[in-house]
Amino acid sequence: RMVQEGKISWNTSIIKIFPELDGKTMKIYHRITLQQLLSQQAGLPPYEEYKYWRDIHSLPGTATQQRALFVAMMLKRKPALIIDSSQSVYSVAGTAIAAAMLERVSKKSWEQLIDQYINKALNIHAEFGFPALNDSTQPWGHWDNYFNLTAHIDDYWARFFPPIAPAGNINMTMNDFIIFIREHLLALQNKKAVISALMANHLLFGKVNYATGWYNTKWRGMDIAFCPGRGGLFSSYVEIIKEKNIGIIVMCNSGSVDGRSGVSNLAKILRHYYAK
């Protein structure tokens, strides 16, 4: 939506937003754009394993200041693959850096931007952190603890710490998730929505295999965009079947391998049933 409003473009580079990093980080990253970051072709390390998160526990300042420091830290590291290759490799770091760019441009925190562009626009309540932290009657997360599925209201190792929070530290109810996905479906049909039909197609299908935040594929001649979500204690899977005007959402309060495979397998069963 910020691109639609002209506040930033898909081709805006990291160094344009963070000029103070010129000469202090690897030059290979300087021309990386917002689009490359969100289409996971920026070459950054995946940064998904918890053992790599130790160096972000003690970054000083506000969440926004920590994210700016994280940008400087990651741009000093060797790339994990050829930048802007045809291969997309998901990077927690890449998503977090994209959010930091939006924060710098808007002079607002990522949390404030979610509230402005998602919550208020759609009249929903996306929140941050684990849902049970604010209300113990909400779903608790689970993980495999020595082969036993164990419930946790919170677990330090599984948190998305402030520097990388935009890559996963968000939750919402099933009803709100439906509204969020329905907005994409309305846009694809060129009906009234907070994003245009052109923008919806760009996000979902603008690049083959992985567009902008969404994987995509062909199935029985139909275009399908899908996104698996994963945290240490939760799993989710969502897909949009363009030609059928159908969205499928499955959420599970387990971050285990069984939880992740369970949501994707159930979604496939639903697809075969509703899109046959």
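Residues numbered from 1 in each chain as written. Predicted model: local features only at pLDDT ≥ 70, side-chain atom pairs only at ≥ 80, totals over all residues. Heavy atoms only, no water.

A. A look at the environment of proline 45. Along the chain, proline 45 turns up in the loop between α2 (34-38) and α3 (63-74). Accessibility expressed as a relative area gives 18% for proline 45, which makes it buried. Taking the C-alpha atoms as reference points, proline 45 and glycine 255, separated by 210 residues in sequence, lie 22 Å from one another. If we skip the residues at most four places from it in the chain, proline 45 touches Tyr29, Met74, Lys78, Ala80, Ser91 and Ala93. (Helix = DSSP H or I, 4+ residues; strand = E, 2+ residues; numbered from the N terminus. Buried < 20%, exposed > 50% of the residue type's maximum accessible area, 1.4 Å probe, protein only. Contact = heavy atoms within 4.5 Å.)

B. Fine view of the pairing of strand β7 (residues 235-241). Across the seven residues of β7, seven count as buried, placing the element largely inside the fold. What you see with β7 is no split at all: Ser235, Tyr237, Glu239 and Ile241 on one side and Ser236, Val238 and Ile240 on the other are buried throughout. Pairing analysis gives seven bridges linking strand β6 (residues 222-230) to β7, with the strands arranged antiparallel. Paired with arginine 230 across the strands is serine 235, a residue of β7. In sequence, β6 turns back onto β7 through a hairpin of four residues. Bridge analysis of β7 against strand β8 (residues 246-252) gives seven bridges, and the strand direction is antiparallel. Residue isoleucine 240 lies in a different strand from β8, and its bridge partner there is glycine 247. Joining the antiparallel neighbours β7 and β8 is a turn of four residues, in which asparagine 245 adopts a positive phi near 55°. (Pairing = 2+ DSSP bridges.)

C. Here's a closer look at the sheet that holds strand β5 (residues 215-219). Taken in spatial order, the four strands make up an open sheet running β5-β6-β7-β8, and their pairing is antiparallel. In this open sheet, the two strands that pair with only one neighbour each are β5 and β8. Ignoring which end each strand starts from, the neighbouring axes of this sheet average 20° apart. In this fold helix α6 (residues 174-188) packs onto β7 and β8, with an angle of close to 155° to the strand it touches most, β8. Across the sheet, helix α8 (residues 257-274) is in contact with β5, β6, β7 and β8; its angle to β8 comes to roughly 155°. (Axes fitted to C-alpha atoms, helices over the stretch in contact; angles between N-to-C directions.)

D. Region of the structure containing the packing of α6 against helix α7 (residues 197-205). Relative to each other, α6 and α7 sit at 115°, their axes nearing to 8 Å. The hand of the α6/α7 crossing is left-handed. The segment α6 lies against α7, with His184, Ala187 and Leu188 engaging Ala197, Ala200, Asn201, Leu204 and Phe205. The class makeup of the residues in the contact of α6 with α7 is six nonpolar, two polar and no charged. (Left-handed = near helix turned anticlockwise from the far one by under 90°. Nonpolar A, V, L, I, M, F, W, Y, C, P; charged D, E, K, R; others polar.)

E. Inspection of the pattern of salt bridges at higher detail. By the definition in use, this model includes nine salt bridges. For glutamate 5, the salt bridge goes to lysine 7, with nearest N and O atoms at 3.2 Å. Residue classification places glutamate 5 among the partly exposed positions, given a relative accessible area of 41%. You can call lysine 7 partly exposed: its relative accessible area is 43%. Among the charged side chains, a salt-bridge network with shared partners connects Arg67, Glu103 and Glu111. (Salt bridge = Lys/Arg side-chain N within 4 Å of Asp/Glu carboxyl O.)

F. Geometry of α6. Relative to the 21 Å expected for 15 residues at 1.5 Å per residue, α6 spans 21 Å between its end C-alpha atoms, a close match to the ideal helical length. Its buried side turned inward, α6 meets α5 (110-122), α7, β7 and β8. Looking one or two places after α6, you find asparagine 190, whose phi comes out positive at around 60°. (Expected span 1.5 Å × (residues − 1).)

G. Main features of the packing of aromatic side chains. Within this structure, the stated rule accounts for nine aromatic pairs. Seen from their ring centres, tryptophan 53 and phenylalanine 160 are 5.4 Å apart, and the 50° between their planes marks the pair as tilted. Taken together, the positions of tryptophan 53 in the loop between α2 and α3 and phenylalanine 160 in the loop between β3 (148-152) and β4 (170-171) put the pair 107 residues apart, joining distant regions of the chain. Assessed through its relative accessible area of 2%, tryptophan 53 is described here as buried. An angle of 45° between the planes, with centres 6.4 Å apart, marks the rings of phenylalanine 177 and phenylalanine 180 as tilted. (Phe/Tyr/Trp six-rings, centres within 6.5 Å; stacked < 30°, edge-to-face > 60°.)

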